[in-house]
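Each chain is listed here by its residues.
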Amino acid sequence: MKLLILAAFLGLSFAQFNPNTKYGRTSIVHLFEWRWKDIAAECERYLAPNGYGGVQISPPSEHIVLNNPFRPWWQRYQPIGYKLCSRSGNEAELTDMVTRCNNVGVNIYVDAVINHMCGSGGGEGTHSSCGTWFSANRKDFPSVPYSGWDFNDGKCKTSNGEIQNYHDIYQVRDCRLVGLLDLALEKDYVRGKVAEYMNKLIDIGVAGFRVDACKHMWPGDLSNVYGRLKNLNTKWFSSGSRPFIYQEVIDLGGEPITASEYTGLGRVTEFKFSAKLGEVVRKWNGQKMAYLRNWGEGWSFLPSDKSLVFIDNHDNQRGHGAGGASVLTFWDSRMYKMATGFMLAHPYGVTRVMSSYRWDRYFVNGKDQNDWMGPPAYSDGTTKPVPINPDTTCGDNWVCEHRWRQIRNMVIFRNVVNGQPFSNWWDNGNNQIAFSRGNRGFIVINNDDWELNTTLNTGLPAGTYCDVISGDKSGSTCTGKQVTVGGDGRASIRISNMDEDPFIAIHADSKL
Ligand SMILES: *[C@@H]1O[C@H](CO)[C@@H](O)[C@H](O)[C@H]1NC(C)=O
């Protein structure tokens, strides 16, 4: 009996680390603030054909609607209930999206905001995404329902009910995060309501959850909630599949709460990866590409099988959250593509690609005054659709990094080399590096200010390969550079530091 319980527990906890992706697909894309209708179309027309394994969607729960500032992106991180009706669409549209994406083998992961409800100053009325009445003043959210009993205000010990000191773990978990009404997840009733919300999404067919603000919740409370979750819908997932869980815990070191407190429960977002890789590619603080030789656990990151990684996320691309100025974004596109190429070629972690919208940045003393700006929208605040241009790029200020050739082709590269070892590392002691993934793929990066010109071990079988960074393989031709690998696995490589993209990637499926 004891053994059975132990086996059940291990089975349950281990399964939550698996993204449940299909057909050897490995990466997730965050379609930040996209409408459900557009995501459904994108799964069918682009993500499935290009090997994306899943989509992280913005929070689908009903949220507050704010006027000052006007419709900021963070209003969706202020739920007023669990009706599936948000800025991205209603429940019917969400269900249609999940069905259509699942039908082409692209998973949906939900951004679950369960630490809190809206801000304490959110007022009272029907200023919510679907017009449901609520009162932040009285902590009354009748559509759940939650009342004053369901919040942590009695438990929090600070004078104003706010988190004041990140070195006090009780404050961080029991008090209000930037004024947000903090749910009492120690209560059976609250745990039940949160699990009911997540289980409804599982029934609809989602494959897992990005859990928001986990540092601000006790691991024991989260463990209880996760334990109440159903297995995935067997219409699309094999019986007994557990929801994939990845938890937002910002841990750059220096605080008493660490990411490793949560790795027993599911994966954790590794923010050190984002901050450090940005530093290396920018060559700040004496960093060099050559130091990437032992990238991963060797840099004191979480174990690879416990982490979810990204170059930037929706917070740190606009100076929120963690990582600071080193974080690379689409605004620094050349370095961004190089960093994303490295991330997708390297075996560490489950990888998430960011897909953003452009906004009018306005820096005053180094701080973007417009970091709050929401997605491209009409004057009434309704989110605009994502139009696709004839050249496959996106219009109306949707950036669609996931459609950039260099990034899309590296997502495919990662699928082709999945499970292959990290091998044939080479560096010039500076910022020129290369490595293989077994005998399936090879990447070379020149981030020095001079040409790379050398002969390298690719690990690949002899042949001519199409570089998927400068072009695409199309039938038996290549629209970009070609690399000839000899019978000894070696290839002569030249990469100018002036190239549009100073890196080359070839793989088994790009052989001509
Ligand atoms: C590149 O290296 C090869 C072999 O060492 C050499 O013959 C060639 O001149 C070099 N090219 C440049 C532009 O330096």
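Rules used in this analysis
- Residues numbered from 1 in each chain as written.
- Predicted model: local features only at pLDDT ≥ 70, side-chain atom pairs only at ≥ 80, totals over all residues.
- Heavy atoms only, no water.
- UniProt positions renumbered as here; feature names shortened; annotations may be inferred.
- Helix = DSSP H or I, 4+ residues; strand = E, 2+ residues; numbered from the N terminus.
- Contact = heavy atoms within 4.5 Å.
- Buried < 20%, exposed > 50% of the residue type's maximum accessible area, 1.4 Å probe, protein only.
- Near = heavy atom within 4 Å.
- Polar contact = N/O pair within 3.5 Å; in protein donor to acceptor, adjacent residues only side chain to side chain.
- Pairing = 2+ DSSP bridges.
- Axes fitted to C-alpha atoms, helices over the stretch in contact; angles between N-to-C directions.
- Parallel < 35°, antiparallel > 145°, perpendicular 65-115°, else oblique.
- Left-handed = near helix turned anticlockwise from the far one by under 90°.
- Nonpolar A, V, L, I, M, F, W, Y, C, P; charged D, E, K, R; others polar.
- Core = buried A, V, L, I, M, F, W, Y, C linked by side-chain atoms within 4.5 Å.

- Under the annotation held in an unreviewed UniProt entry, the protein chain carries the name Alpha-amylase and is attributed to Chanos chanos.
- Reading the Catalytic activity (unreviewed entry) entry of the UniProt record for the protein chain gives the comment "Endohydrolysis of (1->4)-alpha-D-glucosidic linkages in polysaccharides containing three or more (1->4)-alpha-linked D-glucose units."
- Regarding the protein chain, the UniProt comment filed under Sequence similarities (unreviewed entry) reads as follows: "Belongs to the glycosyl hydrolase 13 family."

**As for the environment of Gly-341**
And then number 1: Among the secondary structure elements, Gly-341 is positioned in helix α8 (residues 333-345).
And then number 2: Along the primary structure Gly-341 and Ile-469 are separated by 128 residues, whereas in three dimensions their C-alpha atoms are 8.8 Å apart.
And then number 3: Among residues more than four places away in sequence, those in contact with Gly-341 are Met-410, Ile-443 and Phe-503.

**Quick notes on the environment of Lys-288**
And then number 1: Summarising the element assignment, Lys-288 is placed in the loop between α7 (271-282) and β11 (307-309).
And then number 2: Judged by its relative accessible area of 25%, Lys-288 falls in the partly exposed class.
And then number 3: Remark: the alpha-carbon pair of Lys-288 and Thr-329, spanning 41 residues in sequence, is separated by 19 Å.

**Focus: the site of the ligand**
And then number 1: Close to the ligand lie Glu-451, Asn-453 and Arg-494.
And then number 2: The contact in question runs from an oxygen atom of the ligand to an N or O atom on the side chain of Asn-453, over 2.3 Å.

**Some thoughts on the sheet that holds strand β2 (residues 54-57)**
And then number 1: What the eight strands build is a closed barrel, ordered β1-β2-β3-β8-β9-β10-β11-β12; its pairing is parallel. Here the average twist between neighbouring strands, direction ignored, is 30°.
And then number 2: Of the strand pairs in this sheet, strand β10 (residues 267-269) and β11 are connected by two bridges, and their pairing is parallel. Bridging from a neighbouring strand, Val-268 pairs with Ser-307 of β11.
And then number 3: Running at roughly 165° to β2, helix α2 (residues 36-47) makes contact with β1 (28-31), β2 and β3 (107-112) of the sheet.
And then number 4: Contacts between helix α3 (residues 91-103) and the sheet are confined to β2 and β3, with β3 contributing the most and set at about 140° to the helix.

**Some words on the packing of α7 against α8**
And then number 1: Two numbers describe how α7 lies on α8: the axes approach to 10 Å, and their chain directions differ by 125°. Classified by the interaxial angle, the pair formed by α7 and α8 is oblique. Crossing handedness for the pair α7 and α8: right-handed. The segment α7 lies against α8, with Phe-273, Leu-277, Val-281 and Arg-282 engaging Met-335, Met-338, Ala-339, Phe-342 and Met-343.
And then number 2: Considered class by class, the residues forming the contact of α7 with α8 number eight nonpolar, no polar and one charged.

**What about the nonpolar core?**
And then number 1: Judged by nonpolar contacts, the single largest core of 133 residues is most densely connected at Ile-39, Val-55, Met-97, Phe-141, Tyr-146, Phe-209 and Leu-292.
And then number 2: Here Tyr-146 is in contact with Tyr-82, Met-117, Lys-139, Asp-140, Phe-141, Phe-151, Leu-183, Tyr-189, Val-190, Lys-193 and Val-194, once residues within four sequence places are set aside.
And then number 3: Ala-434, Val-444, Ile-493 and Ile-506 belong to the second-largest nonpolar core, a separate cluster that totals 14 residues.

**A short note on the UniProt feature "domain: Alpha-amylase C-terminal" (unreviewed entry) in the protein chain**
And then number 1: The feature "domain: Alpha-amylase C-terminal" (unreviewed entry), as annotated in UniProt, sits at residues 423-511 in this numbering.
And then number 2: Along residues 423-511 one finds 0% helix and 52% strand; the C-alpha atoms at either end are 19 Å apart.

**Observations regarding the pairing of strand β16 (residues 432-437)**
And then number 1: Burial within β16 is extensive, with six of its six residues counted as buried.
And then number 2: Burial along β16 is two-sided: Gln-432, Ala-434 and Ser-436 facing one way and Ile-433, Phe-435 and Arg-437 facing the other are all buried.
And then number 3: Two elements, strand β15 (residues 422-427) and β16, share four bridges in a ladder whose sense is antiparallel. Residue pairing for β16: Ser-423 is matched across the bridge by Ser-436.
And then number 4: Between β15 and β16, which pair antiparallel one after the other, the connecting turn spans four residues, and Gly-429 there sits at a positive phi close to 80°.
And then number 5: Pairing analysis gives six bridges linking β16 to strand β17 (residues 441-446), with the strands arranged antiparallel. Looking at β17, one finds that Gln-432 is bridged to Asn-446.
And then number 6: Adjacent in sequence and paired antiparallel, β16 and β17 are bridged by three residues, among which Gly-438 carries a positive phi angle near 55°.

**What about unusual backbone geometry?**
And then number 1: The linkage connecting Asn-68 with the following residue, Pro-69, adopts the cis geometry, with an omega of 0°.
And then number 2: Checked against the element boundaries, Pro-69 lands in the loop between β2 and α3.
And then number 3: Cis rather than trans, the peptide bond between Val-144 and Pro-145 has omega equal to -5°.
And then number 4: Along the chain, Pro-145 turns up in the loop between β6 (134-135) and α4 (169-174).
And then number 5: If you check the backbone angles, Asn-20 has positive phi at about 60° while not being a glycine.

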